[in-house]
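Residues per chain, in single letters:
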Amino acid sequence: MHTRLSDPFKPYPMIQDYLDFNAMKELPESHAWLPLDELPSTYGSSTPDPVPLINLKDTNAMKLVGHACKTWGVFQVTNHGVPINLLEEMEAAGRKLFALPIHQKLKAARSPNGVSGYGVARISTFFPKLMWSEGFTIIGSPYEHARKLWPNRYSRFCDVIEDYKEEMNKLAQTLMELMLGSLGVTMDDVKWASTQGSCPALQLNSYPACPDPDRAMGLAAHTDSTLLTILHQNNTSGLQVYKEGTGWITVPPIPGALVINVGDLLHILSNGLYPSVLHRAMVNRTQHRLSVAYLYGPPSNVKISPLSKLTDQKHPPLYRPVTWSEYLGTKAKHFNKALSSVRLCAPLNGFPDAKDHTGVRVG
Ligand SMILES: C=C1C[C@]23C[C@@]1(O)CC[C@H]2[C@@]12CCC[C@@](C)(C(=O)O1)[C@H]2[C@@H]3C(=O)O
Ligand SMILES: O=C(O)CCC(=O)C(=O)O
Ligand SMILES: [Fe+2]
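First things first, this report covers the structure right here in the doc.

Conventions adopted
Residues numbered from 1 in each chain as written. Chains lettered and ligands numbered in written order. Predicted model: local features only at pLDDT ≥ 70, side-chain atom pairs only at ≥ 80, totals over all residues. Heavy atoms only, no water. Helix = DSSP H or I, 4+ residues; strand = E, 2+ residues; numbered from the N terminus. Buried < 20%, exposed > 50% of the residue type's maximum accessible area, 1.4 Å probe, protein only. Contact = heavy atoms within 4.5 Å. Areas by Shrake-Rupley, 256 points an atom, 1.4 Å probe, with all protein chains shown as cover. Donors = N, O, S within 2.8 Å, 3.2 Å for Na, K, Ca; no water. Pairing = 2+ DSSP bridges. Axes fitted to C-alpha atoms, helices over the stretch in contact; angles between N-to-C directions. Core = buried A, V, L, I, M, F, W, Y, C linked by side-chain atoms within 4.5 Å. Arc of directions from axis to C-beta. Polar contact = N/O pair within 3.5 Å; in protein donor to acceptor, adjacent residues only side chain to side chain. Parallel < 35°, antiparallel > 145°, perpendicular 65-115°, else oblique. Nonpolar A, V, L, I, M, F, W, Y, C, P; charged D, E, K, R; others polar.

Some remarks on the overall build of the chain
Right, so step 1: When you go through the chain residue by residue, the secondary structure sums to 8 helices and 12 strands.
Right, so step 2: Put simply, the chain has 363 residues, and 56% of those count as buried.
Right, so step 3: Long-range pairs, those at least 24 residues apart, make up 77% of the contacts in the chain between residues at least 6 apart in sequence.
Right, so step 4: For the chain, the accessible surface area stands at approximately 16,200 Å², while carbon and sulfur atoms represent 55% of it.

Structural notes on the coordination of the iron ion (ligand 3)
Right, so step 1: Within the protein, the iron ion (ligand 3) binds to His222 (NE2), Asp224 (OD) and His279 (NE2); these donor distances fall in the range 2.1 to 2.2 Å.
Right, so step 2: By relative accessible area, Asp224 is classed as buried at 8%.

Describing the sheet that holds strand β9 (residues 247–250)
Right, so step 1: Pairing is antiparallel across the open sheet formed by 4 strands, whose spatial order is β6-β11-β8-β9. The open sheet has two edge strands, β6 (219–222) and β9, and neither has a second partner. On average, each strand axis in the sheet is inclined to that of its neighbour by 20°, with strand direction left out of account.
Right, so step 2: Of the strand pairs in this sheet, strand β8 (residues 239–243) and strand β11 (residues 279–281) are connected by 3 bridges, and their pairing is antiparallel. Its bridge partner being in β11, Val241 is matched across the sheet by His279.

So, the nonpolar core
Right, so step 1: In terms of nonpolar packing, the biggest core is built from 76 residues, with Phe75, Phe136, Phe157, Leu204 and Ile230 touching the most fellow members.
Right, so step 2: Of the residues forming this core, the biggest block, 13 residues, is contributed by helix α5 (residues 155–182).
Right, so step 3: With residues up to four places along the chain from it excluded, the contact list for Leu204 reads Met90, Gly94, Leu97, Phe98, Glu134, Gly135, Phe136, Ile138, Phe157, Ser291 and Val292.
Right, so step 4: Within the second largest apolar cluster, 20 residues are counted, among which are Ile123, Phe127, Trp132 and Met282.

Some words on helix α1 (residues 61–71)
Right, so step 1: Those residues of α1 that sit buried are Ala61, Val65, Gly66, Ala68 and Cys69. Axial view of α1: buried residues confined to an arc of 165°, hence all on one face. Away from its buried face by more than 90 degrees, α1 exposes Lys63, His67 and Lys70.
Right, so step 2: Buried residues along α1 sit against β1 (53–55), β2 (74–78), α5 and β10 (258–262).
Right, so step 3: Among the residues trailing α1, Gly73 stands out with phi positive, at a value near 75°.

Notes on the environment of Gly66
Right, so step 1: Along the polypeptide, Gly66 turns up in helix α1.
Right, so step 2: Each C-alpha atom, one on Gly66 and one on Leu149, is 42 Å from the other, the two residues being 83 residues apart in sequence.
Right, so step 3: If sequence neighbours within four positions are ignored, Gly66 has contacts with Ser182 and Tyr274.

As for the environment of Leu266
Right, so step 1: Residue position: Leu266 is located in helix α6 (residues 264–269).
Right, so step 2: Here the alpha-carbon distance between Leu266 and Gly73, two residues 193 residues apart in the chain, equals 9.9 Å.

Overview of the side chain of Ser133
Right, so step 1: You can see Ser133 is positioned in the loop between β3 (117–119) and β4 (134–139).
Right, so step 2: Classification of Ser133 by relative accessible area gives buried; the value is 7%.
Right, so step 3: Within the structure, the side chain of Ser133 is placed 2.7 Å from the backbone oxygen of Gly218, a separation counted as a polar contact.
Right, so step 4: Once residues within four sequence positions are removed from consideration, Ser133 is found in contact with Phe21, Ser206, Tyr207, Pro208 and Gly218.

Some details on the side chain of Lys165
Right, so step 1: Along the chain, Lys165 turns up in helix α5.
Right, so step 2: A polar side-chain atom of Lys165 sits 2.7 Å from the main-chain carbonyl oxygen of Gly140.
Right, so step 3: When near neighbours in sequence (up to four residues on either side) are disregarded, Lys165 contacts Gly140, Ser141, Leu202 and Tyr294.

Regarding the packing of α1 against α5
Right, so step 1: Running from N to C, α1 and α5 cross one another at 80°; their axes reach a closest spacing of 8 Å. The angle between the axes of α1 and α5 places the two elements in the roughly perpendicular class. Taking contact as the criterion, the partners of Met62, Val65, Gly66 and Cys69 in α1 are, on α5, Glu177, Leu178, Met179, Gly181 and Ser182.
Right, so step 2: Here the contact of α1 with α5 is composed, by residue class, of 5 nonpolar, 3 polar and 1 charged.

Spelled out as structure tokens, the structure:
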């Protein structure tokens, strides 16, 4: 029997605290993270390299994608084929949802053992302070929750979600082809890669304007438990990625462009050649920031392990096989130690996986 994406969270119930952000004139202690970093958000070079921007119609796209995955774990794409008006409609749908009064949103609250619905990020349980954000997670049909939010007017919201998932799925397939191709692997070598992915997750994130942004955290540093994530951010910056040797770098919103993150499962599949990217979301004083993440993974029955084409005696497989659902269970338990917990051999440098990390404060 296949496990569902919501099953791994059942043993880790979540008691949620809700806040009416719009009513807050100052940052409550429960949400004050104190100095975020001893270091400014970037250090090292004065003008750090920008996150790669790749035109997917470029004849060199595969090479550029491979290079970006290897050196950054994140890049932005243009000419991705997703209609701009669908991105705008999705943003408008998210805006409409989060603008509802809190008592209305709570009608679609995520249950303590569940995944879908309105609530704070699942990773909140790992931090002593709360994040300045609210989210709405959709796995499968949004119908049950949308009906509670808008008893007579839910169908437009559901239609936009379905259209969005369809377009994102197409893009995710294209990206997988480029990513695998850049590793010298074809879609034929990885049969499951050309089938419809597992039931993906959509995460709508809302970061209201914050009275004390320097002491608050929108979404704490994490890697995604996916093969890849496609992120649409509105025109307000806030997303930052961590780059070894450079520090935190802002991923600037570019109208019409989408951000692609390498997730932990691609890290495993590529035997660590394409490392998953540590990222976080910051908040600001005046603008409401919205983002929509399409979390893409393999079909539920597939065990992900390092591709055999990438391993030999000199390069043994570094991770044990896991399904997406098993990995989500590991993440729910170990959070940023999840990747090391599925690691087979100690890394040569003796350090744990990059994100378990050393100097980086993940909270
Ligand atoms: C498939 C999933 C990935 C995710 C957990 C989830 O079941 C649905 C929500 C996803 C999300 C989005 C915000 C950040 C994140 C770490 C979280 O708390 O919920 C991710 C999870 C993940 O990638 O591990
Ligand atoms: O809002 C953002 O920019 C980041 C969102 C994110 O990391 C996520 O949903 O996993
Ligand atoms: Fe993320």
